[in-house]
Structure formats: structure tokens, C-alpha cells
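A look at the structure
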Amino acid sequence: MLGELENLHKLCFPHKPWTAQDFADLKKSGCDIIASQNGFIVYRVVCDEAEIITIGVNPDARRTGIANAMLGIVFGDLKKRGVKHIFLEVAVDNKPAIALYEQNGFVRVGVRPKYYDGIDAIMMEKNI
Ligand SMILES: CC(C)(COP(=O)(O)OP(=O)(O)OC[C@H]1O[C@@H](n2cnc3c(N)ncnc32)[C@H](O)[C@@H]1OP(=O)(O)O)[C@@H](O)C(=O)NCCC(=O)NCCS
């Protein structure tokens, strides 16, 4: 499973691919990972807060609702676990991801200057 995640991550983030070991380390550090053949999402819960660490969908399977479906599963899990606030960061030039998050109720709460190799990150929050 971790090898498949490595391959899928490379398709989604060709300039910053993660290895199977990276995913194993994330799991060991307490992150949750939901993955299917064409998508994955990694998130972490601390008390009543959660962070979406990353989300990716195979380029051949995009715009078919996979990311929306994965976020729906995560929101359900987080509600059951008593999470009240979900946070994430997204590069200011990542229009598809920003649109995805806004459609799912995230709002902009700040900016981290030059967070991604010189590109600003938008900080977003959703209260559930
Ligand atoms: C962002 C990403 C996860 C979206 O996955 P997806 O499965 O294609 O998204 P969905 O089909 O569930 O789309 C849900 C909504 O997101 C928005 N969206 C997704 N892709 C979009 C695009 N290319 N342009 C504009 N809006 C987009 C739309 O609002 C869409 O709803 P709609 O199809 O009804 O208009 C995918 O493009 C991806 O893997 N990108 C590369 C990795 C990445 O940048 N991850 C985010 C890091 S913060």
C-alpha cells in the first residue's frame, strides 16, 4: 500500500515526491491516511483541532469528485472525534485546490509569506 501511495504521490506532486518511507513516518507520527486507487488524503488530529497535511488525486481521475468525497469522509471522522476546527495551508497559485477548499467551507485566515519555495501559502480554516 505504501509503495502505491509513493507512485500516486509522484503523479500528483512531480516536483516534490514523497517516498513510501515518508508515508510510513507520517503514520508513525500519528497521522491518518485515507487512500484509494486514485486518491489520498493525510490529516492529523490534536485535541479538538485537525490539520489537512496533503491531498492528491491522479491527474487522469480529476474533476470526478474524488477529492470532495475524501474530504467528506474526513469531515465525518473528525466530527465523531470531537474536532471543532480544521486548518490547512495551500500555495497561493494552486487555484484548483483553493477552489476545492472554498467549495468545502474553508475560509482564508492568513498568509505565510514564501512558505513553499518562495511562494506564499494561504492559511485556511473550517469550523465544524
Ligand atoms: C486539488 C485536487 C486534489 C482536486 O481533486 P479532484 O478530485 O479533481 O477534485 P473534485 O473533482 O472533487 O472537485 C471538487 C471541486 O474542487 C474544485 N476544483 C477541482 N479542480 C479544479 C480545477 N482544475 N479548476 C477549478 N476548480 C477545481 C471545483 O470547485 C470542484 O467542484 P466542481 O467539479 O463541481 O466544479 C487535485 O487537483 C490534485 O490532486 N492536485 C494536485 C495536488 C494538490 O495540489 N493538492 C493540494 C495541495 S494543498
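Everything below is about the structure shown above.
Structure report, in brief. Everything numeric in this text was worked out from a predicted model, so none of it was measured. (Residues numbered from 1 in each chain as written. Predicted model: local features only at pLDDT ≥ 70, side-chain atom pairs only at ≥ 80, totals over all residues. Heavy atoms only, no water.)

**A closer look at the nonpolar core**
Ile 52, Ile 55, Ile 86, Val 90, Tyr 101 and Phe 106 are the most contacted members of the largest nonpolar core, which has 24 residues in total. Secondary-structure elements contributing two or more residues to this core are β2 (39-46), β3 (49-57), α3 (66-80), β4 (85-91), α4 (95-103) and β6 (119-127). Broken down by element, this core gets its largest block of residues, 6 residues, from α3. Other than its neighbours up to four places away in sequence, Ile 55 contacts Phe 13, Phe 40, Ile 41, Ala 67, Met 70, Leu 71, Leu 100 and Tyr 101. Counting residues in each nonpolar core, the second largest holds 9 residues, with Leu 8, Phe 23, Leu 26 and Ile 33 among its members. (Core = buried A, V, L, I, M, F, W, Y, C linked by side-chain atoms within 4.5 Å. Buried < 20%, exposed > 50% of the residue type's maximum accessible area, 1.4 Å probe, protein only. Helix = DSSP H or I, 4+ residues; strand = E, 2+ residues; numbered from the N terminus. Contact = heavy atoms within 4.5 Å.)

**Let's talk about the site of the ligand**
Neighbouring residues of the ligand: 21 residues in total, closest Ile 55, Val 57, Arg 63, Gly 65 and Asn 94. In the model, an oxygen atom of the ligand is placed 2.8 Å from a nitrogen or oxygen of the Arg 63 main chain. A total of 920 Å² of accessible area belongs to the ligand in isolation, and the protein chains cover 77% of it. For the shell around the ligand, the elements supplying multiple residues, two or more each, are β3, α3, β4 and α4. At 6 residues, the largest contribution of residues to the shell around the ligand is made by α4. By residue class, the composition of the shell around the ligand is 12 nonpolar, 6 polar and 3 charged. (Near = heavy atom within 4 Å. Polar contact = N/O pair within 3.5 Å; in protein donor to acceptor, adjacent residues only side chain to side chain. Areas by Shrake-Rupley, 256 points an atom, 1.4 Å probe, with all protein chains shown as cover. Nonpolar A, V, L, I, M, F, W, Y, C, P; charged D, E, K, R; others polar.)

**As for the pattern of salt bridges**
Within the structure shown, the criterion is met by 5 salt bridges. For the salt bridge of Glu 102 with Arg 108, the shortest nitrogen-to-oxygen distance reads 3.0 Å. Assessed through its relative accessible area of 48%, Arg 108 is described here as partly exposed. Among the charged side chains, a network of salt bridges with common partners joins Asp 32, Asp 77 and Arg 81. (Salt bridge = Lys/Arg side-chain N within 4 Å of Asp/Glu carboxyl O.)

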